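# Architecture at a glance
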Amino acid sequence: MNEKLHIVCPHCRSVNRVPAARLTDQPNCGLCHAPLFTGHPISLTGEDFDLHVSRADIPLVVDFWASWCGPCQMMAPAFEQAARTLEPHARLAKVNTEEQQTLAARFGIRSIPTLIIFRGGREVARQPGALGLHDIVRVVRAHT
C-alpha cells in the first residue's frame, strides 16, 4: 500500500504528503525542510487551528489550558511526554484559553484542562480534567 498522508508543518504551515510507510522515518517539510515532528506539543492560535484540524490525516490532540490553572500546570509535563510517545501517529497541540478566547468559546470549554481529540476535521472525543501520561496515551489510543 502506497497511501500518502497529509501532514501540516508546525513551522511554516505547509501541507506535506508523506507516505504512510515513511511516517516514522522522521520526515522533513518539503518547503522549509524543518522536521514535521519534534516530539513536543505545538501551540495553536485562531490563525492555524483550522488548518491543523481540517488538513492533517493524523489525529490532532488539543490541550485547552491556562497559565493560572494549577491542574493545567500539573498536566503539562505529562502532555509533553505524551507528544514523544504518540508522534508521529498523532499531533499534540496546546491552546492557551486566555490568549485564544474565541477558540475556547467555539468549543465550549467550561473547565480546564480539557483534552479534545480531532480526526477527519471533527471532534471525536473530549476529556476534561488533568491526566497523567498513561491516561493521556490511553485516551488518545482509544479514540484514534
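This report concerns the structure included in the present document. (Residues numbered from 1 in each chain as written. Predicted model: local features only at pLDDT ≥ 70, side-chain atom pairs only at ≥ 80, totals over all residues. Heavy atoms only, no water.)

### Some words on the overall build of the chain
Quick reminder of the rule: Helix numbering and strand numbering both begin at the N terminus, where a helix is a DSSP run of H or I of at least 4 residues and a strand a DSSP run of E of at least 2. Our radius of gyration is a C-alpha quantity, and the globule rule it is checked against amounts to 2.2 Å times the number of residues to the power 0.38. Each residue's exposure class comes from its accessible area (1.4 Å probe, protein chains only) as a fraction of the maximum for that residue type: buried when under 20%, exposed when over 50%, partly exposed otherwise. Should any heavy atoms of two residues lie within 4.5 Å, those residues are considered in contact. Here the accessible surface of atoms and residues is derived via Shrake-Rupley with a 1.4 Å probe, and residues count as covered only by protein chains that are part of the display.
On a plain count of helices and strands, the chain comes out with four helices and seven strands. Starting at the N terminus, the α and β elements of the chain follow one another as β-β-β-α-β-α-β-α-β-β-α. Its C-alpha atoms give the chain a radius of gyration of 15 Å, within 12% of the compact-globule value 15 Å for 144 residues. Seen through its C-alpha atoms, the chain measures out along the principal axes to roughly 45 × 30 × 25 Å. Taking all 144 residues of the chain together, the buried fraction comes to 46%. By sequence separation, contacts in the chain at least 24 residues apart represent 61% of the contacts at least 6 residues apart. Carbon together with sulfur atoms contributes 49% to the accessible area of the chain, which is approximately 7,500 Å² in total.

### Let's talk about the sheet that holds strand β4 (residues 60-65)
In plain terms, the rule: Strand pairing requires that DSSP identify at least two bridges connecting the strands.
Spatial ordering of the open sheet is given by β3-β5-β4-β6-β7, a layout of five strands whose pairing is mixed. With partners counted over all chains shown, the strands left at the sheet margins are β3 (42-43) and β7 (122-128), one partner each. With five bridges joining them, β4 and strand β6 (residues 114-119) adopt antiparallel strand pairing. Along β6, the bridge assignment pairs D63 with L115.

### Concerning helix α2 (residues 70-86)
As a reminder of what qualifies: Expected span, for any helix, means 1.5 Å times one less than how many residues it has. Fitting one axis to the seven residues ending at a residue and another to the seven starting there, the bend at that residue is the angle between the two axes.
Here α2 contains 17 residues, and its C-alpha end-to-end distance of 24 Å stays within 8% of the 24 Å for a straight helix at 1.5 Å per residue. At A76, α2 shows its largest bend, some 35°, and a proline, P77, comes one to four positions later. Buried residues of α2: C72, M75, A78, F79, A82, A83 and L86, and no others. On its buried face, α2 is in contact with β4, β5 (91-96), β6 and α4 (133-142).

### Here we look at unusual backbone geometry
P88 follows E87 through a cis peptide bond whose omega is 10°. A cis geometry characterises the amide bond from I112 onward to P113, with omega recorded as -5°. Relative to the helices and strands, P113 is located in the loop between α3 (101-106) and β6. Despite not being glycine, R13 has its phi angle at roughly 70°, a positive value. Within the secondary structure layout, R13 lies in the loop between β1 (4-8) and β2 (15-19). The phi torsion at H33 lies on the positive side, around 65°, for a residue other than glycine. Position of H33 among the secondary structure elements: in the loop between β2 and β3.

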